[in-house]
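What follows is each chain in one-letter form.
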Amino acid sequence: MSSFWSIWITVLTLGTLIGCFILLRWTLTNFTGVEEGESMGHEFDGIEELNNPLPKWWSTFFLVTIIWGFIYLALYPGLGNFKGLFGWKSSNQGITSLADSKAQIEAAKEAGLLVQYDREVDSAQERFGPIFEGLAKQDYSELVKNEEALRIGQRLFLQNCAQCHGSDGKGTTGFPDLTDGDWLYGGSPEAIEETLLHGRKAQGMIAWKTMLGGEQGVKEVAAYVRGLSGLDVDSQLADAGKEKFAMCAACHGENGEGSHEMGLALGAPRLNDDIWLYGGSPRAVEASIRDGRAGVMPAWKDFLGEDKIRVVSAYVYSLSADNSDSE
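As a starting point, this report considers the structure included with it. Keep in mind that what you see is a predicted model, and the values were worked out from it rather than measured.

Per the secondary structure count, the chain includes 15 helices and 6 strands. Referenced to the eigenvectors of the C-alpha coordinate spread, the extents of the chain come out at roughly 110 × 50 × 50 Å. Burial statistics for the chain: of 327 residues in total, 31% are counted as buried. When the accessible surface of the chain is split by element, carbon and sulfur atoms take 57% of a total near 20300 Å². Of the side chains in the chain, 27 bear a positive and 45 a negative charge, and the two mean positions are spaced by 5 Å.

Have a look at this one:
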């Protein structure tokens, strides 16, 4: 933070503690002119007011708390940019990438700083690392039937994957449904693991409007593509789009079977199964053809590690309608 805010926070914090001490001293001072324990000269209904001080235990505890506040602020961060004598902090700040995070972790260790989050991660790895290592040694045929492994995989999925693919794995617009057995790069446990480890970057669906002769060409191909999946379409538009679709067949297949079914890893989806990544309405299909699409799946190897990814892969495979061969 800036020097101004650092000074502002320091003055307010120390001023509050000093103010509490002054207030305590003031309340412990006898301003009445009457000796402590003596009568104040007030009596009502047989009850006499005495000049009694604050309870000793209360004032002592208050004083100890103030002293502890000063000690704490000297040892730990709390006074603006002052980091404390212990060099402790809850976590590394200003991280913009995984590489930056690793660099800050190493820098903190070299400087002898105590980063609480890093210590907790190391502790968790020491405790749970052997468990993941043991699970990762199992074949997928065993792993997909291991209920404990699937429960662990589910928790990892909810923590890291559900933001895009949904807590139930059914995805949303632009993020694939993992439960329907329809895969761009293969649905075997090994293929899923490969996707998680290294990520995927589709070859890219280019914008076709110009090459199709304008908006009318886009509508014609969209009608033909939607017709491949069995949807009701304008037959005249679909017939006109069939010939133009030949330009798309190199990636999507002559019959819209997709690149994976053709033994290619282009990431081009099937178009004949009524499963749509970006929506199957005329407007959505036309937008895909007109403007193109470029899906990206980030790599998780450096973030989760290979052992955890193997467990997550088994869980994702268990969600798929395409896992009947594991029964």
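Having seen the structure, we can now continue with the description.
Attention shifts here to the pairing of strand β1 (residues 39-44). Counting buried positions along β1 gives 0 out of 6 residues, so the element sits mostly on the surface. Alignment of β1 against strand β2 (residues 47-50), held across 3 bridges, turns out to be antiparallel. By the bridge assignment for β2, Phe44 is matched with Ile47. Counting the residues in the hairpin turn of β1 and β2 gives 2 residues, including Asp45, whose phi is positive at 55°.

Between its first and last C-alpha, helix α2 (residues 56-75) extends 29 Å over 20 residues, near the 28 Å set by a 1.5 Å rise per residue. Of the residues making up α2, those classed as buried are Ser59, Ile66, Gly69, Leu73 and Leu75. For α2, the secondary structure elements touched by its buried residues are α1 (3-28).

It is worth spelling out the packing of aromatic side chains at this point. Overall, the coordinates contain 12 aromatic pairs when judged by the stated rule. Arranged with centres 5.8 Å apart and planes meeting at 80°, the rings of Tyr76 and Trp88 form a pair that is edge-to-face. One end of the pair, Tyr76, is in the loop between α2 and β3 (88-89); the other, Trp88, is in strand β3, and 12 residues separate them in sequence. Since its relative accessible area comes to 22%, Tyr76 is described here as partly exposed. Arranged with centres 5.6 Å apart and planes meeting at 75°, the rings of Trp300 and Phe303 form a pair that is edge-to-face. Pairwise contacts between aromatic rings join Trp68, Tyr72, Tyr76, Phe86 and Trp88 into one cluster. A cation over a ring is seen here: Arg293 above Tyr278, with NZ or CZ 4.2 Å from the ring centre. Just above the ring of Tyr140 sits the side chain of Arg310; from NZ or CZ to the centre is 4.0 Å.

A few words on unusual backbone geometry. Of note, Asp45 is a non-glycine position whose phi angle comes to about 55°, a positive value. Checked against the element boundaries, Asp45 lands in the loop between β1 and β2. On the basis of relative accessibility, which here comes to 69%, the residue Asp45 falls in the exposed class. The backbone of Asp274 sits at a positive phi, close to 60°, despite the residue not being glycine.

A cluster of nonpolar side chains, Ile18, Phe21, Ile22, Leu63, Ile67, Trp68, Phe70, Ile71 and Tyr72, forms an exposed patch at the surface whose accessible area comes to about 800 Å². Looking at the nonpolar patch, the elements with two or more residues in it are α1 and α2. Broken down by element, the residue count for the nonpolar patch peaks at 6 residues, all from α2. Judged by relative accessible area, Phe21 falls into the partly exposed class, the value being 32%.

This part covers the packing of helix α9 (residues 215-228) against helix α10 (residues 235-244). Taken N-terminus to C-terminus, the directions of α9 and α10 make an angle of 95°; their axes are 7 Å apart at the nearest point. If you check the angle between α9 and α10, you find them roughly perpendicular. Two secondary-structure elements touch here, α9 through Gln216, Gly217, Glu220, Val221, Ala223 and Tyr224 and α10 through Leu237, Ala238, Ala240, Gly241, Lys242 and Lys244. Grouping the constituent residues of the contact of α9 with α10 by class yields 6 nonpolar, 3 polar and 3 charged.

Applying the stated criterion across every chain, the model contains 10 salt bridges. When the shortest N-O distance is used, the salt bridge between Lys209 and Glu215 registers 3.9 Å. For Asp291, the salt bridge goes to Arg290, with nearest N and O atoms at 3.9 Å. Linked by salt bridges that have partners in common, Lys209, Glu215, Lys219, Glu286, Arg290 and Asp291 make up one network.

Definitions and limits used
- Residues numbered from 1 in each chain as written.
- Predicted model: local features only at pLDDT ≥ 70, side-chain atom pairs only at ≥ 80, totals over all residues.
- Heavy atoms only, no water.
- Helix = DSSP H or I, 4+ residues; strand = E, 2+ residues; numbered from the N terminus.
- Buried < 20%, exposed > 50% of the residue type's maximum accessible area, 1.4 Å probe, protein only.
- Areas by Shrake-Rupley, 256 points an atom, 1.4 Å probe, with all protein chains shown as cover.
- Lys, Arg positive; Asp, Glu negative; His and termini not counted.
- Charge placed at Lys NZ, Arg CZ, Asp CG, Glu CD.
- Pairing = 2+ DSSP bridges.
- Expected span 1.5 Å × (residues − 1).
- Contact = heavy atoms within 4.5 Å.
- Phe/Tyr/Trp six-rings, centres within 6.5 Å; stacked < 30°, edge-to-face > 60°.
- Lys NZ or Arg CZ within 6 Å of the ring centre and 35° of its normal.
- Patch = residues over 30% accessible without salt bridge, like charges linked within 9 Å, V, L, I, M, F, W, Y side chains within 5 Å.
- Salt bridge = Lys/Arg side-chain N within 4 Å of Asp/Glu carboxyl O.
- Axes fitted to C-alpha atoms, helices over the stretch in contact; angles between N-to-C directions.
- Parallel < 35°, antiparallel > 145°, perpendicular 65-115°, else oblique.
- Nonpolar A, V, L, I, M, F, W, Y, C, P; charged D, E, K, R; others polar.

Any link to function would need more than the numbers given here.
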